[in-house]
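Remarks on the overall topology
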Amino acid sequence: MRVDVVSIFGEYLAPLSLSLIGKARAQGLLDVRVHDLREHTHDRHRTVDDTPYGGGAGLLMKPEPWGEALDAVLADPPGDAGGDGPVLLVPSPVGEVFTQAVAVELAAEPWLVFACGRYEGIDARVAEHYRSRGVRVREVSLGDYVLNGGEVAVLVVVEAVARLLPGVVGNAASLAEESHAAEHDGLLEHPAYTKPASWRGLEVPAVLSSGDHGAVARWRREQALRRTARRRPDLLARLDPARCSAADRAVLAEEGYVPDAHGFGPAPSPVAD
Ligand code: 6GU
C-alpha cells in the first residue's frame, strides 16, 4: 500500500518509522511518503493560511498550495494503483467518524493520500475541486473533540489500516477476535488474563482454567455483552438480534437491554397506572 501525506509538520509523522509500521515499511509492505505543503508556496514567508471570508476567529489554509501539492502527488501514482486512483483523506473534526469498518474499507485500497489541515481547516473548495475531478474524498474525524491538526489522525488511521494488511501483524486470526471486529459482532472484547493465576489476592476466573472450551467461549461472550452494555450501549444499538442466542438475550435483558427495530435498546421502564 502506498501512503502519501501532505503536511506542514512532517516531523510529526516520525513515529511511522517505529514498531510494526516501521517494520512493514522496511519489508516493502507499506510505502509512506511525507510531503511539505510549504514547498508549494511562492512568497517569501511561505504562507499557507489566511483569514476566513465572513469573519470569525482563527485562520484557514489557503487553497492554492493545496492544489499544487495534491496535483503533484496525484501525478505520481504507484505502479499498482489500478484505475480508481487514491482515496483522499482529509482529517477533520467535521468528518465522518473513523471506525474499524472504515479501516477495513481503506485496507483494501492500494493508495491513500492524506491532506493534513492545521488552524481552522482547509478552504472548502479544495475537497470540492478534487471530488469534481472524480477523486474519492473522505473527511474523517477521530471523535467528538478538537485537535490542532490532522497529523495525529494520520498516525491513528495509518496504524489501524496497516495492521490489517497481509503480513503486517504476525497472527492474522487475532484480528478477527478483537474489539470492534465485525466477526465479534462489533462488541467490546472480553477481559483477558495471563499468569500468575493469583496476583495480589486477585484470582483468574476459574472457568478459564477448566479446559472446557465451550464454557470458556460462553463466558467470554457473556463478558463481552455485559461490558458493551455497561460501557458502550451505543454499540448494542447496532447489534443484530439475529446473531444473538437465547443466552445472549438473557444476559442483555439482565443488563436492561431488549431487541428493538435496529438492535438492542434500553428496556422500557414499567409504567405505574
Ligand atoms: Cl481528524 N482533526 C482535528 N483537527 N480535530 C479532530 C479530528 C481530526 N478528529 C477529532 N478531532
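Anyway, here's the lowdown on the structure attached to this text.

Okay, the site of the ligand next. Around the ligand, the neighbouring residues are Pro91, Ser92, Pro93, Val140, Ser141, Leu142, Gly143, Tyr145, Val146, Leu147, Gly149 and Ala153. Note that a nitrogen atom of the ligand is positioned 2.8 Å from one of the backbone N or O atoms of Leu142. One of the backbone N or O atoms of Leu147 is found 3.1 Å from a nitrogen atom in the ligand. Across the complex, the protein chains shield 96% of the 290 Å² of accessible surface that the ligand would expose by itself. When contributions to the shell around the ligand are tallied by element, the ones reaching two or more residues are β5 (87–97) and β7 (136–141).

All right, on to helix α5 (residues 151–162) then. Under the 1.5 Å per step criterion, the end-to-end length of α5 is 16 Å for 12 residues, consistent within 8% with the ideal 16 Å. Regarding α5, the residues found buried are Glu151, Ala153, Val154, Val157, Val158, Ala160, Val161 and Ala162. Of the surrounding elements, those touching the buried residues of α5 are β1 (2–7), α1 (19–26), β5, α3 (100–107) and β6 (111–115).

In this section: the pattern of salt bridges. Within this structure, the stated rule accounts for 21 salt bridges. Here Arg33 ties to Asp31 by a salt bridge, and the two come within 2.8 Å at their closest N and O atoms. The exposure class of Arg33 is partly exposed, given its relative accessible area of 31%. Across the pair Glu255 and Arg230 runs a salt bridge, and its minimum N-O distance is 2.7 Å. Taken together, the residues Glu255 in the loop between α9 (246–254) and β10 (257–259) and Arg230 in helix α7 (residues 213–231) connect sequence positions 25 residues apart. With a relative accessible area of 18%, Glu255 lands in the buried category. Each of Arg2, Asp4, Asp31, Arg33 and Asp76 takes part in a single network of salt bridges with overlapping partners.

You can see Arg138 is positioned in strand β7. In this structure the side chain of Arg138 is engaged in a polar contact, spanning 2.7 Å, whose partner is the side chain of Glu96. Not counting residues within four places of it along the chain, the set of residues in contact with Arg138 comprises Val87, Leu88, Leu89, Val90, Glu96, Val102, Glu105 and Leu106.

Let's shift gears to the packing of helix α2 (residues 63–74) against helix α4 (residues 125–132). For the pair α2 and α4, interaxial distance at closest approach is 10 Å and the crossing angle is 35°. Note on packing geometry: the crossing formed by α2 with α4 is right-handed. Where α2 approaches α4, its residues Pro63, Trp66, Gly67, Leu70, Asp71 and Leu74 are matched on the opposing element by Arg125, Val126 and Tyr130. Its residues assigned to classes, the contact of α2 with α4 comprises 6 nonpolar, 1 polar and 2 charged.

Definitions and limits used
- Residues numbered from 1 in each chain as written.
- Predicted model: local features only at pLDDT ≥ 70, side-chain atom pairs only at ≥ 80, totals over all residues.
- Heavy atoms only, no water.
- Near = heavy atom within 4 Å.
- Polar contact = N/O pair within 3.5 Å; in protein donor to acceptor, adjacent residues only side chain to side chain.
- Areas by Shrake-Rupley, 256 points an atom, 1.4 Å probe, with all protein chains shown as cover.
- Helix = DSSP H or I, 4+ residues; strand = E, 2+ residues; numbered from the N terminus.
- Expected span 1.5 Å × (residues − 1).
- Buried < 20%, exposed > 50% of the residue type's maximum accessible area, 1.4 Å probe, protein only.
- Contact = heavy atoms within 4.5 Å.
- Salt bridge = Lys/Arg side-chain N within 4 Å of Asp/Glu carboxyl O.
- Axes fitted to C-alpha atoms, helices over the stretch in contact; angles between N-to-C directions.
- Left-handed = near helix turned anticlockwise from the far one by under 90°.
- Nonpolar A, V, L, I, M, F, W, Y, C, P; charged D, E, K, R; others polar.

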